[in-house]
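What follows is each chain in one-letter form.
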Amino acid sequence: MYILGLTTLGDSAAALIRDGELIAAAEEERFSRVKHHSGFPYRSIEFCLDYAGIKLSDIEHVGHYWKPWILRHKAMQAAKAALVSPAMFKARADRGVAQVSESYLGMFKHAKRLRERFGPGDFKFHYVEHHQSHAASAFFVSPFESAAILTWDGTGEDTTTLFCKGQGNKIKVLKRIKLPHSLGQFYSAVTNYIGFDMFAGDEWKVMGLAAYGKPRYYDFFRDKVLTTNGHGDFKFNIKVLDHHLAKHYQFPKGIIDEIGPERKRDEELTERHWDVACSAQKALEDTGLYLVEQIKDMTGEENLCMAGGVAFNSVMNGRIFHESPFRRFYVQPAAGDAGCSLGAAYYVWNQVLGKPRSFVMDHAYWGPAFSNEECRHALNEAGLKYETVADEVLLPRLAKMIADGAIVGWFNGRMELGPRALGARSFLADPRRSDMREILNHKVKLREWFRPLAPSMLEEYGNEVFGKEHHDPFMITVVAVAEEYKAKIPAVVHVDGSARPQMVSRKTNPRYWSLIDEFRKLTSIPMLLNTSFNVQEPIVCSPQDAINTFQNANFDALVLENNLVLRSAAV
Ligand SMILES: [Fe+2]
């Protein structure tokens, strides 16, 4: 039985499962080349069907990640906004009825859209609540028979935070927190306050900047903006900091009086902005830990699954991993809305149809792959000179090049699902070189100096590098590096002595594992610096995308499967 799962607004995506096994999943942005693509994921669906070699008529069920009929909160928001301030009301009104009807009412037409594009189909279309899609995306593919499940994001239909318990093939909702109380919207508002762009997904930048600041505004955020009570709830005070106003870069006097005016986009980043980022980040972490303790009390579980955009906050995740009472964790690598495509499909399979669980998602390689022949065809079309080299020779040679200072664009196997490059579409470099972060951020990726870079490491070396047990295959937690190790890998250690590792498994990515192992044999460092293979655009998907990036950016070598292009000899 084939089930298709869909995310159809921001970060749209499709996922395909067959008899409960994930077959294929990808984000639309990788095909359209538009970051955070919003809209029906035609190309992702086409990829999923082609990958499986099936037609729409083979699909029995479609799971959709949103219930479009829950619109009541929109009217409530508008009414509340009018009470708070005319400016806020205007901000809401500006979004327009047309957009709401296109975005939400348009979801009722998706079954028709599928048939119009992909031919006849006799599938049943299921609308799954957004947060239950997130919950399913984490728990049903986790290794746990039972677990507490916490999902948190900007908002779903009207829920922002969902507490669940998963047991076997069922998820039970225990509690929900609704708008306007949203950790995601709190963080997005801070993102815009610091002059970044919440629509561009700039929340990462706040977390990166936070490492440089001091929490001198922490009390303000915890007392006035993001408060918790004795009942396991949190409150986001939109009179002081409002996400919808922040979208328009408007900030109430209440916050400006306390922490100063917002930063305009072209203004210099100063220590005050670092401190605001640091304070807001700490407020988020402490609120997050508080909620995690609540769900521990509610469930008594040893295992915790997390999803939703807030679960991308790897610094908070690191604290949850090491400070919370839970013992084991699973964080969905596509924790944002793209992963809901997968979640909606599993919700139908397990929760609706009652089928048993049989699948664990232990890697993120669910996108398209390209053969050596396809790679060579693209290289020939581009007129680039290349060598085709077997792995036994290629991997040691690449390790040596990287150890000698080269930056390599590495294109290997099926593309990752989720925003992290995990060794399928990655830039690789030497983590020992202290100048490598600046070179990569400034000269290759053309982005801010404070963006941290992360290591991909052999999973067997966790204890040596961190001085304690830590396992994270998805680069989604930040953990302190052991004191004696910090000086060895300056390019991937944050200013506060932490790192965000991907622990690479020989089982799930043997070729990447072997490349890192070749680097270890040369240098005794069991890791490479890994950052996503893209420059100011979505991560590359096809050989053509990789070649375009190679031709327009400044890095030394391109590896398309077994085909090696050296810049010094490329044309
Ligand atoms: Fe979400």
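Above: the structure in question.
None of the values given here were measured: they were computed from a predicted structure.

Draft legend 1. Spotlight on the coordination of the iron ion. At 2.1 to 2.2 Å from the iron ion lie its protein donor atoms, namely His 130 (NE2), His 134 (NE2), Asp 153 (OD) and Asp 337 (OD). In this structure, the iron ion is surrounded by 4 donor atoms whose angles at the metal cover 90 to 167 degrees, and the resulting shape is irregular. Accessibility expressed as a relative area gives 21% for Asp 337, which makes it partly exposed.

Draft legend 2. Up close: the environment of Val 389. Its place among the elements puts Val 389 in the loop between strand S13 (387–388) and helix H16 (391–403). Through-space distance from the C-alpha of Val 389 to that of Glu 561 is 9.3 Å; in sequence the pair is 172 residues apart. Leave out the neighbours within four places in its chain, and Val 389 touches Leu 394, Arg 397 and Asn 562.

Draft legend 3. Structural view of the pairing of strand S11 (residues 303–307). Buried residues dominate S11, accounting for 5 of its 5 residues. Because side chains alternate across S11, one face comprises the buried residues Asn 303, Cys 305 and Ala 307, and the other comprises Leu 304 and Met 306, equally buried. Bridging between strand S6 (residues 146–152) and S11 involves 4 bridges; their strand directions are parallel. Note that in S11 the partner of Leu 150 across the bridge is Met 306. Here S11 runs beside strand S12 (residues 328–331); their pairing, made up of 4 bridges, is parallel. Within S12, the residue paired with Leu 304 across the bridge is Phe 329. Handedness of the crossover joining S11 and S12 through helix H13 (residues 314–323) is recorded here as right-handed.

Draft legend 4. Fine view of the packing of aromatic side chains. Going through the model one piece at a time under the given rule, you end up with 30 aromatic pairs. Here the aromatic cluster, defined as three or more aromatic residues joined through ring pairs, consists of Phe 196, Tyr 212, Trp 274, Trp 449 and Phe 450. Above the face of the Phe 163 ring, Lys 175 is positioned so that its terminal group lies 5.1 Å from the ring centre. Here the basic side chain of Arg 414 rests over the ring of Tyr 51, its NZ or CZ set 3.9 Å away from the ring centre.

Draft legend 5. Main features of unusual backbone geometry. A cis amide bond, omega 5 degrees, links Leu 179 with the succeeding residue Pro 180. Checked against the element boundaries, Pro 180 lands in the loop between strand S8 (170–178) and helix H7 (183–193). Even without glycine at this site, Gln 536 takes up a positive phi of about 55 degrees. Note on placement: Gln 536 falls in the loop between strand S20 (527–532) and helix H21 (543–552).

Draft legend 6. Looking closely at the packing of helix H2 (residues 42–52) against helix H5 (residues 110–118). Taken N-terminus to C-terminus, the directions of H2 and H5 make an angle of 60 degrees; their axes are 12 Å apart at the nearest point. The angle between the axes of H2 and H5 places the two elements in the oblique class. Crossing angle aside, the handedness with which H2 passes H5 is right-handed. Residue-level contacts link Tyr 42, Ile 45, Glu 46 and Leu 49 of H2 to Arg 113, Leu 114, Arg 117 and Phe 118 of H5. Broken down by class, the residue content of the contact of H2 with H5 amounts to 5 nonpolar, no polar and 3 charged.

Draft legend 7. Geometry of the sheet that holds S8. Spatially, 5 strands are ordered S8-S7-S6-S11-S12 in an open sheet, and the strand pairing comes out mixed. Lying at the two open borders of the sheet, with one neighbouring strand each, are S8 and S12. Each strand axis lies, on average, 20 degrees off the axis of its neighbour in the sheet, ignoring direction. Where strand S7 (residues 159–167) meets S8, 8 bridges bridge the pair, whose relative direction is antiparallel. For Thr 159, the partnering residue across the bridge sits in S8 and is Lys 178. Helix H12 (residues 271–299) rests against S6, S7, S8 and S11 of the sheet, and its axis sits at about 145 degrees to S6. The strands that H13 touches are S6, S11 and S12; relative to S12, the one it contacts most, it runs at about 155 degrees.

The rules behind the values
- Residues numbered from 1 in each chain as written.
- Predicted model: local features only at pLDDT ≥ 70, side-chain atom pairs only at ≥ 80, totals over all residues.
- Heavy atoms only, no water.
- Donors = N, O, S within 2.8 Å, 3.2 Å for Na, K, Ca; no water.
- Tetrahedral: all angles 85-135°; square planar, octahedral: opposite > 155°, others 65-115°.
- Buried < 20%, exposed > 50% of the residue type's maximum accessible area, 1.4 Å probe, protein only.
- Helix = DSSP H or I, 4+ residues; strand = E, 2+ residues; numbered from the N terminus.
- Contact = heavy atoms within 4.5 Å.
- Pairing = 2+ DSSP bridges.
- Right-handed = clockwise from strand over helix to strand, strands pointing away.
- Phe/Tyr/Trp six-rings, centres within 6.5 Å; stacked < 30°, edge-to-face > 60°.
- Lys NZ or Arg CZ within 6 Å of the ring centre and 35° of its normal.
- Axes fitted to C-alpha atoms, helices over the stretch in contact; angles between N-to-C directions.
- Parallel < 35°, antiparallel > 145°, perpendicular 65-115°, else oblique.
- Left-handed = near helix turned anticlockwise from the far one by under 90°.
- Nonpolar A, V, L, I, M, F, W, Y, C, P; charged D, E, K, R; others polar.

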